[in-house]
Amino acid sequence: MLVRSPALSRRSVTEQIIKQSRNWSEFWDALVQLDDISQQGDTFERLTQLYLQTQPEYQSKLRSVWRWSEVPDEVRARLGLPATDEGIDILAETFQGELWAIQCKFHSNPDRAVTRQELGTFVALASVAGLSQRVVAHTSSKPIRKRALMGETVEIGLDRWLTLEQEQWSLITAALQGRAARPEPRLPRLHQQEALAAARAH
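On a predicted model such as this, the values are computed, not experimentally measured, just so you know. (Residues numbered from 1 in each chain as written. Predicted model: local features only at pLDDT ≥ 70, side-chain atom pairs only at ≥ 80, totals over all residues. Heavy atoms only, no water.)

**Q** Would you explain the environment of S132 in this entry?
**A** Of note, S132 is situated in the loop between α6 (120-129) and β4 (133-138). Along the chain, S132 and W100 lie 32 residues apart, while their C-alpha atoms are 5.8 Å from each other. Residues contacting S132, with those up to four places away along its chain left out, are E98, L99 and W100. (Helix = DSSP H or I, 4+ residues; strand = E, 2+ residues; numbered from the N terminus. Contact = heavy atoms within 4.5 Å.)

If you want it as structure tokens, here you go:
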């Protein structure tokens, strides 16, 4: 359970919620208890950043993952992006130098789908800037409404968050604390051991 005091800054609340959560269920419970909708959004945004930085699917592709306030000035200037948040919450750079735009949408009602209207500014800005990939991270159990009209857009929805295992959460919390945690090595299964033994014998 989150221990809060009036002295805690917004960033401290965000970091504490993620640090104290052992899985998505605990994270969700802590977030929906907050009265501040903006704080909910900020915390989900930070979790998304950590997810992209630590999960193998994205870690192998992305060199940098910046929240909007962290985007280097030269990158912002090169793309002609505004200094204020106009719809892009996170900007990521691949190892090939391509840039992705990421929007984070936290809804406390998982049955409420994200609408195309909610993402209008994000899609328009990402298109004008010429970013190579658009990603929408959200907490809905449903796909984005009328997503087919939005062009090439990747979704990270509730199903992805719910299937995160303990090991994956430990990577997120370790990154939050500045530690480069790695997954525990797994022993080969019996059929894999037999295949390895056969390969050595050959």
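From this point, the narrative continues.
**Q** How should helix α1 (residues 10-20) be read in this particular structure?
**A** An α-helical turn contains 3.6 residues, so a residue and the one three or four places further along point in the same direction. V13, T14, E15, Q16, I17 and I18 are the residues of α1 that are buried. Against the buried residues of α1 lie α2 (24-32), α3 (37-54) and α8 (166-176). (Buried < 20%, exposed > 50% of the residue type's maximum accessible area, 1.4 Å probe, protein only.)

**Q** Would you take a moment to explain the environment of R46 for this structure?
**A** Counting through the fold element by element, R46 comes out in helix α3. C-alpha of R46 to C-alpha of R67: the two residues are 21 residues apart in sequence and 7.8 Å apart in space. Engagement of the side chain of R46 in a polar contact is seen with the side chain of Q49, the distance being 2.6 Å. (Polar contact = N/O pair within 3.5 Å; in protein donor to acceptor, adjacent residues only side chain to side chain.)

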